Amino acid sequence: MRSFWGVRSPASRHFREATMKPCLSGLRVLDLSRILAGPWATQLLADLGAEVIKIERPGEGDDTRGWGPPFVTGDGEDDLFSAYYLAANRGKKSVCIDFSKPEGRQIVCTLARSCDVVVENFKVGGLKRLGLDYHALSQINPKLIYCSISGFGQTGPYKDKPGYDLLVQAMGGLMSITGAADGEPMKVGVAVADIFTGLYATVAILAALNERRTSDVGQHIDLALLDVQIATLANQGMNFLASGKAPARHGNAHPNIVPYQAFATSDGHIVVAVGNDAQFARFVTILSVPELSRDPRFQRNADRVRNRKELIAIVAGKIRSWAKMELLQALDDEKIPAGPINEMHEVFSDPHVVARGLVVEQSLFAGGPLTRMIGNPIRFSRTPIEYGQAPPRLGSHTTEVVQGDLAMPESELNR
């Protein structure tokens with residue numbers, strides 16, 4: 001009987017048993033991606049229980065294996081894992097195949113016959129020349145969900161242009177709204193175009209798998225970093241479309257809510273996020289200027305946005321006289337959203353972060369010491385995320401996977 005991801009629904013008894021397994025148990029993913037966007041999607045699928053087979057170049061593997069320092073030492077001084085690679089490759093099986101050669105391409109085709117999903121982020125047309133594009137692999141496995149991730153998509157005048165997160169943040173408008181008003185445009189400190197694209201890819205793959213249960217056929221997913229970056233402009237993009245006016249850079253402030261930004265206290269910086277008029281009244285009362293909530297210039301949020309400069313000058317002056325923790329406690333007592341601007345060591349030692357289990361520990365080799373890594377933020381009530389397999393060494397599963405599939409009966413390969 002096919003897995004849950006096939007077109008035939010399992011019997012109720014088997015279904016009840018299956019629900020105690022990880023959510024994506026039985027799903028098989030062939031990962032032809034590297035760097036961040038594709039690996040981010042496939043790591044999430046692996047966290048949710050899918051078997052992810054990561055195909056890597058012999059000798060070098062995923063580019064990010066060498067993107068350091070910092071490195072984490074595995075079993076010996078020459079056994080190094082870059083922190084970048086560890087961030088996006090948990091739970092996968094590493095298989096080294098040179099599919100520039102005919103025998104390598106044949107192995108990939110064999111693997112594709114037994115997989116539900118393929119994820120790739122090659123240049124547009126790159127895999128077509130090797131006979132590993134969606135059209136070719138769907139002839140072998142018509143039920144295949146094939147997700148292509150690229151900088152600019154499979155169509156359009158920029159489709160052959162190489163795409164990198166920095167380039168996409170610039171071209172997609174994000175840098176134009178990030179940074180100080182009087183400074184240069186800035187990129188975000190994390191490759192958000194890559195990460196958001198990985199998340200959209202996961203959503204698209206799961207949606208296509210669900211649709212396949214009724215259609216019994218797969219499909220091609222075309223995801224572009226630029227498309228995703230523009231989609232995630234969210235309210236800022238709509239601000240422009242609604243008004244025709246380009247949003248300005250406000251540094252740490254919000255374009256539509258005031259006060260909603262960073263402030264300097266006497267001994268450090270905090271952020272305050274006043275989300276409504278009632279919160280504003282309580283906020284200015286704490287600052288000993290309750291009359292501001294009755295001032296026609298500041299009564300309503302729209303008034304505060306229009307008179308941002310005048311209000312922030314008053315509020316910032318009052319906050320500067322407070323000690324950071326004293327003010328944060330006062331704001332917390334009045335249920336006003338506020339918090340410290342944490343350094344990394346403060347983030348990962350925060351008691352709430354610790355209680356939520358956002359740091360997990362895994363051994364990079366059998367019997368080795370535990371390495372701290374960032375955990376998955378999803379919390380299920382019955383099928384918790386399991387961290388059974390650490391990011392793999394290059395090619396550590398080649399024999400297991402390739403020999404297993406080549407020995408698999410034809411009927412199972414075409415399940």
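Heads up: the structure comes first, above all this text.
On a predicted model such as this, the values are computed, not experimentally measured, just so you know.

Visitor: Run through the overall build of the chain, naming residues and quoting values.
Guide: Assigned secondary structure in the chain consists of 17 helices and 13 strands. By its C-alpha atoms, the chain is 80 × 50 × 50 Å across when sized along the principal axes. Each of the 415 residues in the chain was classed as buried or not, and the buried ones make up 43%. Partitioning the intrachain contacts of the chain with sequence separation of at least 6 by distance along the chain shows that 68% fall at a separation of at least 24. If you sum the accessible surface of the chain, you get close to 21300 Å²; carbon and sulfur atoms cover 56% of it.

Visitor: Describe the nonpolar core, and please don't skip the residues or the numbers.
Guide: Core analysis: the largest hydrophobic core is formed by 29 residues, its most contacted members being Val29, Val117, Cys147, Ile149 and Ile205. Going through the elements one at a time, helix H2 (37–47), strand E6 (117–120), strand E7 (145–150), helix H7 (192–215), strand E8 (219–224) and helix H8 (225–231) are the ones with two or more residues in this core. Apart from residues no more than four positions distant in its own chain, isoleucine 149 is found in contact with Ala37, Gly38, Val119, Glu120, Asn121, Phe122, Thr197, Ala201, Leu223 and Leu225. The next biggest cluster of nonpolar side chains, apart from the first, holds 24 residues, and it includes Ile319, Trp322, Ala330 and Ile336.

Visitor: A description of the pairing of strand E13 (residues 370–374) should follow, citing residues and the corresponding values.
Guide: In E13, alternate side chains face the same way, and those of Thr371 and Met373 are buried while those of Leu370, Arg372 and Ile374 on the opposite face are not. Bridge analysis of strand E12 (residues 359–363) against E13 gives 5 bridges, and the strand direction is antiparallel. In the sheet register, valine 360 faces E13, and the bridge partner there is methionine 373. Hairpin connection of E12 to E13: 6 residues between the antiparallel strands, including glycine 367 at a positive phi of 75°.

Visitor: Tell me about the sheet that holds E7, and name the residues and values.
Guide: The strand order across the open sheet formed by 6 strands is E5-E2-E1-E6-E7-E8, and the pairing between neighbours is parallel. Each edge of the sheet is formed by a strand with only one pairing partner; in this case those strands are strand E5 (92–96) and E8. Strand-to-strand, the axes of this sheet are offset by a mean angle of 20°, without reference to chain direction. Across the sheet, H2 lies against strand E1 (28–32), strand E2 (51–56), E5, E6 and E7, angled at about 160° from E1, the strand it touches most.

Visitor: Explain unusual backbone geometry to me, using residue names and the numbers behind them.
Guide: Here the bond from proline 69 into proline 70 is cis, since omega is 10°, no more than 30 degrees from zero. Position of proline 70 relative to the elements: it lies in the loop between E2 and strand E3 (71–73). The step from valine 258 to proline 259 runs through a cis peptide bond, and the omega angle for that step is -5°. With respect to the helices and strands, the residue proline 259 is situated in the loop between helix H9 (234–243) and strand E9 (260–265). Positive phi, normally seen in glycine, also occurs at serine 288, with a value near 65°. Tracing the backbone shows serine 288 in the loop between helix H10 (277–286) and helix H11 (301–306). Among the residues examined, serine 288 registers a relative accessible area of 56% and is labelled exposed. The residue lysine 335 is not glycine, and still its phi comes out positive at about 60°.

Visitor: Before we move on, can you summarise the side chain of arginine 304 with the specific residues and values?
Guide: One can find arginine 304 in helix H11. One polar contact links arginine 304 to aspartate 277, side chain to side chain, over a distance of 2.9 Å. Within the structure, the side chain of arginine 304 is placed 3.0 Å from the backbone oxygen of phenylalanine 298, a separation counted as a polar contact. Among all residues touching arginine 304, those that are not within four sequence positions of it are Val258, Pro259, Asn276, Asp277, Phe280, Arg297, Phe298, Gln299 and Leu311.

Visitor: Hey, could you go over the layout of surface pockets for me, with residue numbers and the actual values?
Guide: When its volume is computed, the largest pocket comes out at roughly 1100 Å³. Lining the largest pocket are 38 residues, with Trp40, Ala87, Val190, Ile195 and Ile374 sitting closest to its centre. Elements represented by at least two residues in the lining of the largest pocket include exactly H2, E3, helix H3 (83–86), helix H6 (165–171), H7, helix H14 (344–349) and E13. Looking at side-chain class alone, the lining of the largest pocket contains 27 nonpolar, 6 polar and 5 charged residues. Lining the second largest pocket are 26 residues, with Arg34, Ile35, Asn121, Gly163 and Tyr164 positioned closest to its centre. Going through the elements one at a time, H2 and E7 are the ones with two or more residues in the lining of the second largest pocket. Partitioning the lining of the second largest pocket into residue classes produces 12 nonpolar, 5 polar and 9 charged.

Visitor: How would you explain the packing of helix H4 (residues 102–113) against helix H16 (residues 398–406) if you had to name every residue and give the values?
Guide: Remark: H4 packs on H16, axes separated minimally by 10 Å, with the N-to-C direction vectors making an angle of 70°. Taken together, the axes of H4 and H16 lie roughly perpendicular to each other. Contact residues: H4 offers Ile107, Thr110 and Leu111, while H16 offers Val401, Val402, Asp405 and Leu406. Taken together, the residues that form the contact of H4 with H16 break down as 5 nonpolar, 1 polar and 1 charged.

Visitor: Help me get a handle on helix H13 (residues 324–333), residues and values and all.
Guide: Inspection of H13 places Lys324, Leu327, Leu328, Ala330 and Leu331 among the buried residues, and these make up the whole buried set. The buried residues of H13 all sit within an arc of 160° when viewed along its axis, so they share a single face. Turned more than 90 degrees from where H13 packs its buried face, Met325, Glu326 and Asp333 sit exposed. In the core, the buried residues of H13 are packed alongside E9, strand E10 (268–273), H10, helix H12 (308–319) and strand E11 (338–340). Looking one or two residues beyond H13, the residue adopting positive phi is lysine 335, at roughly 60°.

Visitor: Can you lay out the pairing of E1 for me, pointing to particular residues and giving the numbers?
Guide: Of all the 5 residues making up E1, 5 are buried; the element is thus mostly covered by neighbouring parts of the structure. A two-sided burial pattern is seen for E1, the buried positions comprising Arg28, Leu30 and Leu32 on one face and Val29 and Asp31 on the other. Relative to E2, E1 is paired through 4 bridges, and the arrangement is parallel. Within E2, the residue paired with arginine 28 across the bridge is glutamate 51. Remark: the E1/H2/E2 crossover connection has right-handed handedness. As paired elements, E1 and E6 share 4 bridges and run parallel to each other.

Rules used in this analysis
- Residues numbered from 1 in each chain as written.
- Predicted model: local features only at pLDDT ≥ 70, side-chain atom pairs only at ≥ 80, totals over all residues.
- Heavy atoms only, no water.
- Helix = DSSP H or I, 4+ residues; strand = E, 2+ residues; numbered from the N terminus.
- Buried < 20%, exposed > 50% of the residue type's maximum accessible area, 1.4 Å probe, protein only.
- Contact = heavy atoms within 4.5 Å.
- Areas by Shrake-Rupley, 256 points an atom, 1.4 Å probe, with all protein chains shown as cover.
- Core = buried A, V, L, I, M, F, W, Y, C linked by side-chain atoms within 4.5 Å.
- Pairing = 2+ DSSP bridges.
- Axes fitted to C-alpha atoms, helices over the stretch in contact; angles between N-to-C directions.
- Polar contact = N/O pair within 3.5 Å; in protein donor to acceptor, adjacent residues only side chain to side chain.
- 1 Å grid on protein atoms, 1.4 Å probe; cavity = no way out; pocket = protein on both sides within 12 Å on 5 of 7 lines; lining within 4 Å.
- Points joined across faces, edges and corners; volume = space filled by probe spheres on them.
- Nonpolar A, V, L, I, M, F, W, Y, C, P; charged D, E, K, R; others polar.
- Parallel < 35°, antiparallel > 145°, perpendicular 65-115°, else oblique.
- Arc of directions from axis to C-beta.
- Right-handed = clockwise from strand over helix to strand, strands pointing away.

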